[in-house]
Number of protein chains: 2
Amino acid sequence: MADPVTSTPSPAHQKKKRVLLIGGGSVGTIAALNLEKGGMAEVGMVLRGNYQSVKEKGYWVESCDFGELRGFKPTDVLNAVPDIKKEGLNPYDYIVLATKNTPDIPPSLTELVAPALPPDNTHTTLVLIQNGLNIEKPFQAAFPNTIVLSGVSLIGSAEPEPGHIVQDDSDRLLIAPFPLSDSSPALETRAQTLAQDFVTIYAASGKTTCTHSPAVLRDRWRKLVYNATLNPICALTGLDTGRLRLAPGLRAGLVEPAMREVISAARACGVELASEAEGEDEIVRKTVEMDPLEIYLAPSMLADVRKGNYVEVENLVGEVVRAGREAGVEMRVLGSVYELVKAIQWRTMEARGLVGVPKSKGDSGDGV
Amino acid sequence: MADPVTSTPSPAHQKKKRVLLIGGGSVGTIAALNLEKGGMAEVGMVLRGNYQSVKEKGYWVESCDFGELRGFKPTDVLNAVPDIKKEGLNPYDYIVLATKNTPDIPPSLTELVAPALPPDNTHTTLVLIQNGLNIEKPFQAAFPNTIVLSGVSLIGSAEPEPGHIVQDDSDRLLIAPFPLSDSSPALETRAQTLAQDFVTIYAASGKTTCTHSPAVLRDRWRKLVYNATLNPICALTGLDTGRLRLAPGLRAGLVEPAMREVISAARACGVELASEAEGEDEIVRKTVEMDPLEIYLAPSMLADVRKGNYVEVENLVGEVVRAGREAGVEMRVLGSVYELVKAIQWRTMEARGLVGVPKSKGDSGDGV
């Protein structure tokens, strides 16, 4: 018989959950705030670019949910994923990934996470608060006994400078287990329980709308209507989402057809985005007009291209194209957009020394 | 009865033809050299960016056809198209256009040329040494009695700095009348005679291969297999034609399908590019591999995007897409490429103040 104290704990008596949070950008930081402020978790955060700044001064957070905070630090500020065996640490209860996800760029996220997981892990639950399709697959392949939760974040936030987080649209986080590779009823139940537990500790702050959403796959696809289209088209043209609507012909000639392909791909994969209340035309219109025109918002992929950063082309575009095609959708527009953005990714890889090209045999001139 | 002296002139006795040449880049300058050195024409050249330099010092030409020339000047160096009525000039025999052709950017070429043409012109022949499809149409509409000749230049040349012309691949110029709107036999004969005459005065230098080519429309389409595909794809991805071949998947996934669409569009428009000697696969292969990989050549559209210049998107891509679609070809890949490059053109138009956007209502931040 289960111990009643641990099986139905009340927050006050429960031992705090140990969470490792990888990725201290704006999404990760608001997650850390919710988890720490709720009092049910202690968070070790793995930072990269802003490590030094946060280690010394903590975060400066301007948040529509939490107000202004100066010097916020989670329980631990780490500059690398801990090797729990070497460091003699107990396994974490949750490892939350809130980094970008670029499986085409080494190291892979599974390699990154591995040292923090026990061998043949069944204890630690992975939570991917990341965009895109099929992002769970590499984790399920590498760690077959590990429960992986899907987190779809609908936050509006940014990190204008290292350690300075601005959140201007409230945090809404949708959580559910990814479909399991081995879907035995027992495992299914355990996965749903873990999802609910994570929601409980995340929502305990009372500042967020964190929901255990059985429709999380639909939410993921819904977000892709924006992310698979506006993101790469802005990156390719250099236009923000406002100018994208102003440029003659672009909306009707490219953006809307691309969005319809995402909706068709979802449908062919068994996820119906349209409803009686919101038909396909309405989804397309709302998605194009999601950002107010005159804020001239640069979606992440355009911002990343401008900074010379890698872009999430495989999860946001490539997987959608592949999923659609496997399900019999032609993906005419998005297929070309994908090839073009992949080429930009390769150019960034070359600029960063990840791939090389043969030595030049002549001056690079201008041609016909 | 025709005057035998003017109807069958020999070069030595013939009065020199008066040629107005608009556009003093590398193609125009080599044309001016051929026309002047042949002794059968005197050339007035209209220059823009390099006017001051050429007016003062003449051209510095390094040419595989002419050797090195310092201080070359045509008969007249002009900084604007002359208004023949105001200036009391006789009509030109030929007006050669060797500028870029961007009908989407004002002023139009017909507006540019108009002051140099007599009213209801029948005397002056227009010669368009420019790339792209349907470039004759605006001239035929604006000047219905004017013969317009098609010039397809296969030169390899560049202007690395104003007034410095480097020609490293010999000049081959193909000339024929554009199809006439009123194709009466008499007009047809006159157009062919004028084309032959132009070839005679252009080829008189003996340094060029200028040919009266009845297949010039085919030559034009053949050049578009390169220009409608490599040009915009390089512009969109930032890759030169060498890196385009090295980037994984791009050649098979985008470049070759785009080229096949151009070949299909040509075929649907009655121009068969493939032959028994050179099948479609071979055309595609040769076109992809036309530039030696390791010279990493930036095609004109990429070079122009890098410089913030306008690109010839309408004649090189837009007209091909429209012609293909009107003839029943879907133009799946090139249709998307076209929309994307048009958006880049619009961005350049905004940067140059040609179009405006509503005032910003917030900071342009980074989004999802």
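Along each chain, the written sequence defines residue order, and numbers are assigned to residues from 1. Labels are handed out in written order, letters beginning with A for the chains and numbers beginning with 1 for the ligands. Under the rules for a predicted model, residues below a pLDDT of 70 receive no local features and side-chain atom pairs below 80 are neither given nor counted, while totals for whole chains, interfaces and linings still include all residues. Note: side-chain values were computed over all heavy atoms of the structure, leaving out hydrogens and water.

**So, the packing of aromatic side chains**
All names here are of chain A. Pairing of aromatic rings covers Phe, Tyr and Trp, the last through its six-membered ring, and needs centres within 6.5 Å; plane angles under 30 degrees mean stacked, over 60 mean edge-to-face, and all others mean tilted. Tallied over the full model, the rule gives six aromatic pairs over all chains. Among the aromatic residues, those joined into a cluster by ring pairs are Tyr 94, Phe 198 and Tyr 202. The criterion is that NZ of a Lys, or CZ of an Arg, lies within 6 Å of the ring centre and within 35 degrees of the ring normal, and then a charge sits over that ring. The ring centre of Tyr 92 lies 4.5 Å from the NZ or CZ of Arg 18, which sits over that ring. For Arg 70, the ring lying beneath its charged end belongs to Trp 60, and the centroid distance is 4.3 Å.

**Things to note about the interface of chain B and chain A**
Contact definition: two residues touch when any of their heavy atoms are within 4.5 Å. With 54 residues of chain B in contact, the opposing surface of chain A contributes 54 residues. Buried area: the accessible area, evaluated with a 1.4 Å probe, that two parts lose upon being put together, summed over both parts. Both sides of the chain B and chain A interface together cover about 4,400 Å² of buried area, and 59% of this is carbon and sulfur. Salt bridges are counted wherever a side-chain nitrogen of Lys or Arg sits within 4 Å of a carboxyl oxygen of Asp or Glu. Where chain B touches chain A, the interface holds six salt bridges. Residues adjacent in sequence count toward polar contacts only when both atoms are side-chain atoms; beyond that, a polar contact is any pair of N or O atoms within 3.5 Å, and within protein one must be able to donate a hydrogen and the other to accept it. For the interface between chain B and chain A, the tally reads twelve residue pairs in polar contact (both at pLDDT 80 or more). Helix and strand definitions follow DSSP, with helices as H or I runs of at least four residues and strands as E runs of at least two, each counted in order from the N terminus. Contributions of two or more residues to the side of chain B that touches chain A are made by β9 (156-161), α7 (216-227), α8 (230-237), α9 (241-246), α10 (250-268), α12 (300-307) and α14 (332-351) of chain B. Per-element tally for the side of chain B that touches chain A: the top contributor is α14 of chain B, with eleven residues. Residue type decides the class: Asp, Glu, Lys and Arg count as charged, Ala, Val, Leu, Ile, Met, Phe, Trp, Tyr, Cys and Pro as nonpolar, and the leftover types, Gly among them, as polar. For the side of chain B that touches chain A, the class distribution of residues is 26 nonpolar, 14 polar and 14 charged.

**Some remarks on helix α11 (residues 280-288) of chain A**
Those residues of α11 of chain A not exposed but buried are Glu 280, Ile 283, Val 284, Thr 287 and Val 288 of chain A. Projected down its long axis, α11 of chain A shows its buried positions confined to an angular sector of 125°, all on one face. Each residue gets one of three labels from its accessible area relative to the maximum for its type: buried under 20%, exposed over 50%, partly exposed in between, using a 1.4 Å probe on protein chains only. Taking the helix axis as origin, the arc is that swept by the directions to the C-beta atoms.

**Focus on the sheet that holds strand β5 (residues 76-78) of chain B**
All names here are of chain B. A sheet is described by the order of its strands in space; here eight strands give the open sequence β5-β2-β1-β6-β7-β8-β11-β12, paired in mixed fashion. Either end of the sheet is taken by a strand with one partner, and the two such strands are β5 and β12 (209-212). Neighbouring strand axes in the sheet, compared pairwise and without regard to direction, differ in orientation by 20° on average. Two strands are said to pair when DSSP picks up at least two bridges between them. Relative to β5, strand β2 (residues 41-46) runs parallel, the two being bridged by three bridges. Directly across from Val 46, in β5, lies its bridge partner Leu 78. On top of the sheet, helix α2 (residues 26-37) reaches β1 (17-22), β2, β7 (125-129) and β8 (148-153); it is set at about 160° to β2, its chief contact. Think of each axis as a best-fit line through the C-alpha atoms, taken over the contacting stretch in the case of a helix, with angles from 0 to 180 degrees between the N-to-C directions.

**Quick notes on the domain arrangement of chain A**
All names here are of chain A. As far as domains go, chain A holds domain 1 (17-213) and domain 2 (217-352). Distance between the C-alpha centres of domain 1 and domain 2: 25 Å. Both faces combined, the contact of domain 1 with domain 2 buries some 1,800 Å², and carbon together with sulfur accounts for 53% of it. Here Asp 304 ties to Lys 100 by a salt bridge, and the two come within 2.2 Å at their closest N and O atoms. Segmentation of the chain into domains, including their bounds, is taken from an automatic or database domain assignment.

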